[in-house]
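The residues making up each chain are set out below.
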Amino acid sequence: MKQLLIFAPLALAGCGSAVGLKPPPGGTLPPAPYGASAQPTPTQLVTPTPQQRPQRSDELLTNAQERRADEFDLPPE
């Protein structure tokens with residue numbers, strides 16, 4: 001059990017190493033996306049887009065409106 005407590009932090013420390021990303025020796029980057037004018041760099045490939053990480057909007061009720069009556073909301077027969 002002690003060994004697990006010693007080696008777990010060491011194993012987790014190696015997981016976050018993302019400095020100096022480059023393709024393996026003899027390898028290449030993935031092909032450029034269809035319609036792209038240039039090959040993206042490794043940094044651009046790992047940077048999330050706004051669609052992947054949207055910004056949070058804290059103004060949830062700025063456009064609150066009353067709901068209109070629902071004519072199909074009938075009680076059961």
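Residues numbered from 1 in each chain as written. Predicted model: local features only at pLDDT ≥ 70, side-chain atom pairs only at ≥ 80, totals over all residues. Heavy atoms only, no water.

Peer 1: Is there a simple way to think about the overall build of the protein chain in this case?
Peer 2: Each helix and strand counted, the protein chain has 2 helices and 0 strands in total. Counting across all 77 residues of the protein chain, residues that qualify as buried make up 1%. By element, 59% of the accessible surface of the protein chain is carried by carbon and sulfur atoms, the whole surface being about 8,300 Å². (Helix = DSSP H or I, 4+ residues; strand = E, 2+ residues; numbered from the N terminus. Buried < 20%, exposed > 50% of the residue type's maximum accessible area, 1.4 Å probe, protein only. Areas by Shrake-Rupley, 256 points an atom, 1.4 Å probe, with all protein chains shown as cover.)

Peer 1: Just to check I follow, could you spell out a nonpolar patch on the surface for this structure?
Peer 2: Residues Leu21, Leu45 and Val46 make up a contiguous nonpolar surface patch of roughly 270 Å² in combined accessible area. Leu21 gets classed as partly exposed once you look at its relative accessible area, which sits at 42%. (Patch = residues over 30% accessible without salt bridge, like charges linked within 9 Å, V, L, I, M, F, W, Y side chains within 5 Å. Salt bridge = Lys/Arg side-chain N within 4 Å of Asp/Glu carboxyl O.)

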